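Chain by chain, the residues:
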Amino acid sequence: MKTVTKLVLATIVLPLSLTSVSAYANSGKGHGKPEHKEFAVDPSLMRELDLSPEQQTQLKELRNTMKNGLKAQRQENFAAHQAEMQANREKMQALLLAESFDKSAADELVRAMLDKQAEHKVMLLEKQHQMLSILTPQQKAKYVELQKERDEKRAQKRHERLTKN
């Protein structure tokens, strides 16, 4: 197999297979984690911000609104989303099984899939922005500081795991 073909296979098949495995793994019970975690701001960090009762109420209402909106959106678009995923799988299979590799068709397919992911990510960022806009400037500064500390701890743990092996 040519290197280009291997590279395209890796960039298309690997993310899709990981997404499928992740979706399958998360299809069961939440194991105590929030059901719609993707738009949630880290609750452990929010607890350390000394939110006022009014802010807590606003956040709770916003989370419920987002959760219900996302659930309704998923239910509304389920069939179309499934059909789109199936069509993409069929296009990938046609590309992979063709006599010769069509790089332009592969680029087009991958770009369309990435555009869809980008739309989703923008929606998530918008939801996170709405949640963080409830905070005061001092709370936002503290949130950034706490997030940096958490990220540094995680990076240190990753580094220890990598150097351990």
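Bear in mind that the values here come from a model prediction, so they are computed numbers and not experimental data. (Residues numbered from 1 in each chain as written. Predicted model: local features only at pLDDT ≥ 70, side-chain atom pairs only at ≥ 80, totals over all residues. Heavy atoms only, no water.)

**Q** Before we go on, may I ask you to explain a negative patch on the surface in this structure?
**A** On the surface, Glu-48, Glu-145, Glu-149 and Glu-152 cluster together to form a negatively charged patch. Overall, Glu-149 belongs to the partly exposed group, its relative accessible area being 37%. (Patch = residues over 30% accessible without salt bridge, like charges linked within 9 Å, V, L, I, M, F, W, Y side chains within 5 Å. Areas by Shrake-Rupley, 256 points an atom, 1.4 Å probe, with all protein chains shown as cover. Salt bridge = Lys/Arg side-chain N within 4 Å of Asp/Glu carboxyl O. Lys, Arg positive; Asp, Glu negative; His and termini not counted. Charge placed at Lys NZ, Arg CZ, Asp CG, Glu CD. Buried < 20%, exposed > 50% of the residue type's maximum accessible area, 1.4 Å probe, protein only.)

**Q** I keep staring at the pattern of salt bridges and nothing clicks. Help me out?
**A** One side chain can pair with another of opposite charge once the charged atoms of both are near each other. Evaluated as defined, the whole model comprises three salt bridges. Asp-107 is the partner of Lys-103 in a salt bridge, and the nearest nitrogen-oxygen pair spans 3.5 Å. Note that Lys-103 and Asp-107 are positioned in helix H4 (residues 103-132) at a spacing of four residues, about one turn of the helix. Ionic pairing is found between Arg-150 and Asp-151, a salt bridge with its closest N-O pair at 3.6 Å. With a relative accessible area of 37%, Asp-151 lands in the partly exposed category. (Helix = DSSP H or I, 4+ residues; strand = E, 2+ residues; numbered from the N terminus.)

**Q** How should I be thinking about the environment of Lys-60 in this particular structure?
**A** If you trace the backbone, Lys-60 turns up in helix H3 (residues 53-97). Residues Lys-60 and Met-131, 71 residues apart in the sequence, show an inter-C-alpha distance of 9.6 Å.

**Q** Honestly, H3 in this entry has me stumped. Any pointers?
**A** Every α-helix winds through 3.6 residues per turn, so residues three or four apart in the chain are directed the same way. Of all the bends in H3, the greatest, near 60 degrees, is centred on Asn-77. Taken residue by residue, H3 has Gln-55, Leu-59, Leu-62, Met-66, Leu-70, Asn-88, Met-92 and Leu-95 as its buried positions. (Bend = angle between axes of the 7 residues up to and from the residue.)

**Q** Looking at this model, I keep getting lost on the environment of Glu-145. Mind explaining?
**A** Residue placement: Glu-145 occurs in helix H5 (residues 137-164). In this structure Glu-145 comes out as partly exposed when scored by relative accessible area, which is 46%. Along the primary structure Glu-145 and Leu-45 are separated by 100 residues, whereas in three dimensions their C-alpha atoms are 10.0 Å apart.

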